[in-house]
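Observations on chain architecture
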Amino acid sequence: MKHIIKAQQFNKRNLSKLFSIAKEMDIIVKSGGSNILSHKVMATLFYEPSTRTRLSFESAMHKLGGEVITTESAREFSSSAKGETLEDSIRVIEGYADVIVLRHYESGAAKRAAMVSKTPIINAGDGSGQHPTQALLDIYTIKKELGEINGISVAMVGDLANGRTVRSLSYLLGKYEDIKIYFVTPEIVRMKQDIKAYLKRHNIQFFEENDLKKVCAKVDVVYQTRIQRERFGERVEDYEKAHGKYIISKEILDVMKKKSIIMHPLPRLDEIKSEVDSDPRAAYFRQAQNGLYIRMALLKMLLTS
Ligand code: CP
């Protein structure tokens, strides 16, 4: 695997290998780091805001002894602001770095970058396209928290039309057996047809539901997402229709199974109330921490094999 562009690139065999390296990375972090990537350079090129993805990739590289060059707010502070194309920026940066981590506002941008790059490109989120490394850490979190992925039921809640994390996660869940997915969304941000068609092809049962409480009472994973204001542009009324409809609160916790978890790619606004944070089933901050181990594992796999 040269570039990491979409979740469908992964299969159960390389997922299992990735998870076992991620476990090693957890131990490496706790024992003070390693130098396996010394003299390697990672460029982070982010055209959209990020806290977790950029900083966990950068931390991952530092903890493995590598170097980081970065342009955050690349739309404003890179030569993109002077009109340079993404392709030209990549052709230049590939000469400076051993791996390029790219977040972009356009779906398909990571693929475009990979077409012109001899240096590995990692898609760190492309518009409302995909966020494969988030899905990898999500699946890793499910495995770590519940012990199993086959046979689980998952509620995906919130903005599923614009959410790249739920798209990538659906692709990965399609690799496992006996999965049930419940989509709980406001009408205006329903899961798109291409994902539903993929799930059908992979014999994954899915259901569209309105009653969050009823669904949360029966699933193993509640995957909440933010209604993404930035994807609505001038459509303020549409955003208002979608926002605030499905909230995880104490009332939802009360009906959830004892051995179930609440996940969220973060950042969250008000869609998970802070009263939920102290419940052991609230896994979202542990999930964000797993991002470090998975991204260390990905860097190791790409740069040392
Ligand atoms: N989950 C996620 O992609 O978070 P950031 O936007 O902070 O990177």
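Residues numbered from 1 in each chain as written. Predicted model: local features only at pLDDT ≥ 70, side-chain atom pairs only at ≥ 80, totals over all residues. Heavy atoms only, no water.

1. Brief notes about the domain arrangement of the chain
In terms of domain boundaries, the chain breaks down into domain 1 (7–130 + 288–304) and domain 2 (132–287). The C-alpha centroid of domain 2 is placed 24 Å from the C-alpha centroid of domain 1. If you look at the interface, domain 1 gives 32 residues, while domain 2 gives 30 residues. The contact between domain 1 and domain 2 buries some 2600 Å² in all, and 57% of this surface belongs to carbon and sulfur atoms. Considering only the surface of domain 1 that becomes buried against domain 2, Lys12, Phe19 and Asn290 emerge as the three largest contributors, covering 23% of it. Taken together, the links from domain 1 to domain 2 amount to four salt bridges. Between Lys144 and Asp26 there is a salt bridge; the shortest N-O distance is 3.8 Å. Taken together, the links from domain 1 to domain 2 amount to 21 residue pairs in polar contact (both at pLDDT 80 or more). The element best represented in the side of domain 1 that touches domain 2 is helix H12 (residues 284–304), accounting for eight residues. (Domains from an automatic or database assignment. Contact = heavy atoms within 4.5 Å. Buried area = accessible area lost by both parts, 1.4 Å probe. Salt bridge = Lys/Arg side-chain N within 4 Å of Asp/Glu carboxyl O. Polar contact = N/O pair within 3.5 Å; in protein donor to acceptor, adjacent residues only side chain to side chain. Helix = DSSP H or I, 4+ residues; strand = E, 2+ residues; numbered from the N terminus.)

2. Quick notes on the nonpolar core
Nonpolar side chains in soluble globular proteins tend to be buried together. Counting 64 residues, the largest nonpolar core has Met156 and Leu173 as its most contacted members. A per-element tally of this core places H12 first, with ten residues. Viewed by domain, this core spans two of them, domain 1 (7–130 + 288–304) and domain 2 (132–287), each represented by three or more residues. Those residues in contact with Met156 that sit more than four places away from it in its chain are Val166, Leu169, Ser170, Leu173, Ile181, Tyr182, Phe183, Val184, Met191 and Tyr223. (Core = buried A, V, L, I, M, F, W, Y, C linked by side-chain atoms within 4.5 Å. Buried < 20%, exposed > 50% of the residue type's maximum accessible area, 1.4 Å probe, protein only.)

3. Some words on the site of the ligand
Neighbouring the ligand are Ser50, Thr51, Arg52, Thr53, Arg103, His131, Gln134, Pro265 and Leu266. Here Thr53 contributes a side-chain N or O atom positioned 2.6 Å from an oxygen atom of the ligand. Side-chain polar atom of His131 to an oxygen atom of the ligand: 2.9 Å apart, as the coordinates give it. Here the ligand loses 91% of its free accessible area of 250 Å² to cover by the protein chains. Of the pockets mapped on this structure, the ligand occupies the largest pocket. (Near = heavy atom within 4 Å. Areas by Shrake-Rupley, 256 points an atom, 1.4 Å probe, with all protein chains shown as cover. 1 Å grid on protein atoms, 1.4 Å probe; cavity = no way out; pocket = protein on both sides within 12 Å on 5 of 7 lines; lining within 4 Å. Sits in = over half its atoms within 2 Å of the grid points.)

4. Focus on empty space enclosed by the protein
Per the counting criterion, the structure on display carries two cavities of 30 Å³ or more. Taken as a whole, the largest cavity encloses approximately 100 Å³ of empty space. Along the wall of the largest cavity there are 15 residues; nearest its centre are Thr225, Ile227, Gly244, Tyr246 and Glu271. Its residues placed into classes, the lining of the largest cavity shows six nonpolar, five polar and four charged. Put simply, the second largest cavity is a space of about 30 Å³. In terms of lining residues, the second largest cavity is bounded by Arg52, Gln134, Leu137, Pro265, Ala288, Gly291 and Arg295. When residues of the lining of the second largest cavity are traced back to their parent elements, those giving at least two are helix H6 (132–146) and H12. A total of three residues in the lining of the second largest cavity trace back to one element, the largest contributor, which is H12. (Points joined across faces, edges and corners; volume = space filled by probe spheres on them. Nonpolar A, V, L, I, M, F, W, Y, C, P; charged D, E, K, R; others polar.)

5. Topic: the pattern of salt bridges
Under the counting rule described, the total for this entry stands at 25 salt bridges. In this structure, the salt-bridge partner of Arg190 is Glu208, at a minimum N-O distance of 3.5 Å. With Arg190 in the loop between strand E6 (180–184) and helix H8 (193–201) and Glu208 in strand E7 (residues 205–209), the pair connects residues that are 18 residues apart, well separated along the chain. A single network of salt bridges, built from pairs that share partners, joins Glu187, Arg190, Lys196 and Glu208.

6. Considerations on the side chain of Ser78
In this fold, Ser78 is placed in the loop between helix H3 (74–77) and helix H4 (86–93). Contact partners of Ser78, with chain neighbours within four places excluded, come to Tyr47, Thr71 and Ser73.

7. So, the sheet that holds strand E5 (residues 153–157)
The parallel open sheet is built from five strands, whose spatial order is E7-E6-E5-E8-E9. Looking at strand neighbours, the two that pair on one side only are E7 and strand E9 (261–263), the edges of this open sheet. Sheet twist, expressed as the mean angle between neighbouring strand axes with direction ignored, is 20°. As paired strands, strand E8 (residues 221–224) and E9 are joined by three bridges and run parallel to one another. Pairing of Tyr223 across the sheet is with Met263, part of E9. Sheet strands touched by H6: E8 and E9. Its angle to E9, the strand with the most contacts, is close to 165°. (Pairing = 2+ DSSP bridges. Axes fitted to C-alpha atoms, helices over the stretch in contact; angles between N-to-C directions.)

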